[in-house]
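Results of the structural survey
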Amino acid sequence: MKGMLTIDEVKHLAKLARLELVDEELTTFQKELSSILDYFEKLKEVDIENIKPTAYALDAKNIFREDEPKEKYDEEMIATMLKQAPEKDGRHVKVKAVL
Amino acid sequence: MEIKNFTIKQTQKGLKEKEFSATELVQNYYKKISEIDPVIKAYLSLTDELALAQAKIIDEKIAHNEDLGMIGGIPLAIKDNMLVKNFSCTAGSKILENYLAPYDATVVEKIKKAGGIILGKTNMDEFAMGSSTENSAYQQTKNPRDLDLVPGGSSGGSAAAVAADLCVGSFGSDTGGSIRQPASFCGVVGLKPTYGAVSRYGLMAMASSLDQIGPFAKTVEDAEILFDVIKGKDPLDSTSVEEKDSRFKIQDSRSLKIGVPKEYFAEGLNQEVKEEIEKVIKKLEKAGLKIEEISLPSTDYALAVYYIIMPAEVSSNLARYDGIRYGLSSDQAQKLEDVYRQTRGTGFGKEVRRRIMLGTYILSHGYYDAYYIKAQKVRTKITEDFKKAYEKVDLILTPTSPIKPFRFGEKSDPLAMYLSDIYTVPVNIAGLPAISIPVKPESTIGFQLIAPWFQEKSLFEVGKLYEKL
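About the thresholds
- Residues numbered from 1 in each chain as written.
- Chains lettered and ligands numbered in written order.
- Predicted model: local features only at pLDDT ≥ 70, side-chain atom pairs only at ≥ 80, totals over all residues.
- Helix = DSSP H or I, 4+ residues; strand = E, 2+ residues; numbered from the N terminus.
- Rg over C-alpha atoms; globule rule 2.2 N^0.38 Å.
- Buried ≥ 20, exposed ≤ 12 C-beta atoms within 10 Å, placed from the backbone.
- Pairing = 2+ DSSP bridges.
- Axes fitted to C-alpha atoms, helices over the stretch in contact; angles between N-to-C directions.
- pLDDT = per-residue confidence, 0-100.
- Contact = placed C-beta atoms within 7 Å.
- Nonpolar A, V, L, I, M, F, W, Y, C, P; charged D, E, K, R; others polar.
- Parallel < 35°, antiparallel > 145°, perpendicular 65-115°, else oblique.
- Left-handed = near helix turned anticlockwise from the far one by under 90°.
- Core = buried A, V, L, I, M, F, W, Y, C linked by C-beta atoms within 7 Å.
- Expected span 1.5 Å × (residues − 1).
- Arc of directions from axis to C-beta.

For the rest of this paragraph, the subject is the overall build of chain A. Scanning chain A for helices and strands turns up 3 helices and 2 strands. From first element to last, N terminus to C terminus, chain A shows the α and β order α-α-α-β-β. The C-alpha atoms of chain A give 23 Å as radius of gyration, which overshoots the globular expectation for 99 residues (13 Å, by more than 25%). C-alpha extents for chain A along the principal axes are approximately 55 × 45 × 25 Å. A buried classification covers 13% of the 99 residues belonging to chain A.

Secondary structure summary: chain B contains 15 helices and 11 strands in total. Taking 23 Å as the expected radius of gyration for a compact globule of 469 residues, we find that chain B reaches 21 Å, a close match to that expectation. By its C-alpha atoms, chain B is 65 × 60 × 45 Å across when sized along the principal axes. The buried share among the 469 residues of chain B stands at 61%.

What follows concerns the sheet that holds strand β10 (residues 434-438) of chain B. Residues and elements named next belong to chain B. Across the sheet, which stays open at both edges, the 11 strands sit in the order β1-β3-β2-β4-β6-β5-β10-β11-β9-β7-β8 with mixed pairing between neighbours. Lying at the two open borders of the sheet, with one neighbouring strand each, are β1 (43-46) and β8 (290-294). Each strand of the sheet is rotated relative to its neighbour by a mean of 25°, with strand direction disregarded. Taken together, the 5 bridges between β10 and strand β11 (residues 446-450) define a ladder with antiparallel strand orientation. Counted as the bridge partner of Ala-434 is Ile-450 from β11.

With that out of the way, let us pick up the confidence of the model for chain A. Across chain A, the average pLDDT comes to 89, with 93% of residues at or above 70. Across chain A, element-level confidence peaks in helix α1 (residues 7-16) of chain A with a mean pLDDT of 96 and bottoms out in helix α3 (residues 75-83) of chain A with 90.

Let's shift gears to unusual backbone geometry. Residues and elements named next belong to chain B. For the bond from Gly-153 to Ser-154, the omega torsion is 15°, close enough to zero to count as cis. A positive phi is found at Phe-127, a non-glycine position, where the angle reads about 50°. Relative to the helices and strands, Phe-127 resides in the loop between β3 (117-122) and α5 (156-163). Even without glycine at this site, Asp-165 takes up a positive phi of about 55°. Here Asp-165 lies in the loop between α5 and β4 (169-173). According to the C-beta neighbour criterion, Asp-165 is partly exposed, with 16 such atoms within 10 Å.

Tallying the contact residues gives 42 residues for chain A and 56 residues for chain B. Broken down by secondary-structure element, the contributors of at least two residues to the side of chain A that touches chain B are α1, α2 (23-39) and α3 of chain A. Tallied by class, the residues present in the side of chain A that touches chain B amount to 31 nonpolar, 4 polar and 7 charged.

Another point: the confidence of the model for chain B. Predicted confidence across chain B gives a mean pLDDT of 96, with 98% of residues reaching 70 or more. Here the predicted complex scores 0.96 on pTM and 0.93 on ipTM.

Residue and element names in this part refer to chain B. It is at 9 Å that the axes of helix α7 (residues 220-230) and helix α15 (residues 456-468) come closest, and there the two elements cross at 160°. One way to sum up the angle between α7 and α15 is to call them roughly antiparallel. When the axes of α7 and α15 are compared, the crossing they make is left-handed. Contact residues: α7 offers Val-220, Glu-221, Glu-224 and Phe-227, while α15 offers Glu-456, Phe-460, Gly-463, Lys-464 and Glu-467. Residues belonging to the contact of α7 with α15 are distributed by class as follows: 3 nonpolar, 1 polar and 5 charged.

Take the nonpolar core next. Across soluble globular proteins, nonpolar side chains show a tendency to be buried alongside one another. Core analysis: the biggest nonpolar cluster contains 156 residues, and Leu-76, Val-305 and Ile-308 of chain B have the highest contact counts within it. Examining the composition of this core, we find that 11 residues originate from one element, helix α9 (residues 302-317) of chain B, more than from any other. If we skip the residues at most four places from it in the chain, Ile-308 of chain B touches Phe-40 of chain A together with Ile-362, Tyr-371, Tyr-372 and Ala-375 of chain B.

Where α1 of chain A contacts helix α11 (residues 350-363) of chain B, the two axes come as close as 9 Å, and the packing angle between them is 100°. Judged by the angle between their axes, α1 of chain A and α11 of chain B are roughly perpendicular. On α11 of chain B, the residues that touch Leu-13, Ala-14 and Leu-16 of chain A of α1 of chain A are Met-357, Thr-360 and Tyr-361 of chain B. Taken together, the residues of the contact of α1 of chain A with α11 of chain B break down into 5 nonpolar, 1 polar and no charged.

Attention now goes to α2 of chain A. An ideal rise of 1.5 Å per residue puts 24 Å on 17 residues; α2 of chain A measures up with 25 Å between its terminal C-alpha atoms. Taken together, the buried positions of α2 of chain A are occupied by Phe-29, Leu-33, Ile-36 and Leu-37 of chain A. Taken end-on, α2 of chain A shows its buried residues confined to a sector of 95°, consistent with a single buried face. Opposite the packed face of α2 of chain A, turned more than 90 degrees from it, sit the exposed residues Glu-24, Thr-27 and Lys-31 of chain A. The inward-facing, buried residues of α2 of chain A contact α1 of chain A together with α9, α11 and α13 (414-418) of chain B.

All names here are of chain B. Counted residue by residue, β11 has 5 buried out of 5 residues, so it is predominantly covered. Across 4 bridges, strand β9 (residues 395-399) lies against β11 in antiparallel orientation. When the bridges of β11 are listed, Leu-397 appears paired with Leu-449.

Before going further, it helps to spend a moment on the environment of Ile-230 of chain B. Residue and element names in this part refer to chain B. By secondary structure assignment, the location of Ile-230 is in helix α7. A tally of 23 C-beta atoms within 10 Å means that Ile-230 is categorised as buried. A C-alpha to C-alpha distance of 9.0 Å links Ile-230 and Glu-109, two positions 121 residues apart in sequence. Discounting chain neighbours no more than four positions away, the residues touching Ile-230 are Val-107, Lys-110, Ile-111, Val-198 and Ile-213.

Below, the discussion takes up the environment of Ala-101 of chain B. Assignment of secondary structure puts Ala-101 of chain B in the loop between β2 (75-79) and α4 (106-113). Separated by 16 residues in the primary sequence, Ala-101 of chain B and Lys-85 of chain B have C-alpha atoms spaced 5.0 Å apart.

Now the structure itself:
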């Protein structure tokens, strides 16, 4: 754990998170994120020797089922979903060039 | 007859005795919404076409003397992060401004099946991130008990709709207090069920290991009825489980032992809230319940644990909003990565972007162990605190929030806002069921009862007893 984030670190995070930020926001986030990270320093005092991490509150195990198409996904539903794609080609969703 | 502040049973009685028809009932609520909601702003959209069609079916059932079902004919509201087929679902975000739900959430399907009438979708903090509903991209909901104050959040619209009697009951989601805190601020009852008791299928995920859907109601009895409608295992949500048999059968709620954790009465608790909670404790003690001071030693770390685990899960869950398949999409971008960056940069509000950034940092290489794994280990300790406490007591009583509802714009610092959830987050971390009940009718202070896993029944029993005291 550490102190103040640098502007470059904030820029790098925004890139990883695929968020376009304006310069003014970079400095606000730098300040706010640093103060929240400071708050986490509290956890340094906790003794976690031999403690197992908890991911879910209940003892969740893998739950398996057959991978079969359900009738539920009817044409009407597919039409509603397709209609919402910003760009498409027939029943295909189109994306911009990757490179 | 005037339909005012009706409970579920009162409404059903009126329907069955033909004091009013379901159609008249629904029209009555829409009239009230058109008169009052321009001020309160609880609803983001109305589903009148659906509601009137549902009311017609109920009226036919009444005409044929058929069974109405558990909530047959009851007008309800749904937080706008749960899908109602063919209606808009925005999660309070611009990124989903034009999104149409292609199917019903499991809870919505259950509500429809039980005869519940869906009046509309309620306002919320964007993607359920906030404690005042001020983070909605659309409107600010006002607290019906005092229009200068926030209704709490993130399910502020659902809480305000019940408080202003713009529906009989409503549904919200609770990740760190988003049902209980607004219930407390608006003077209504709010229940966060045990993690897994209610299916999350069709609820827009915020932090999947913490999210849970629950009801808002005017009385504890109504909250119990609404919970009974939505609970149960769902094959479409593998974390949902069948209701387990109660560990103990409640013979007499007056014989229960209630633990009061000393850590919840420390620094930061508003004096008036403290005094009101002490009165609640005295009332219950006078009614015969045993009160015992207990300790939950890891309480002080719960908020830090929450603000590590929650943003980590948020940053992963919200990756799906990318401008490709639905929702807002940047039309300026030439390349795929720019579509993502521009869509998400302009479509998400500030708090959402802040939490995505924080979660991305927490999960990034080099910090994962220091933050995420550490928080998960402390999560174990917080859960063990509760387990130990329940060896001695049946229920735990705390204030729902350390503060009373605040003014719009008062909490501009994110950390100050986060602190209003300090008594509710430990419950989500441990996955326990908890209810917030107004200390007295229409009060903007609520007390929280926390039960062991799957012991919702004991919350309802003590809650109903309290309402009669």
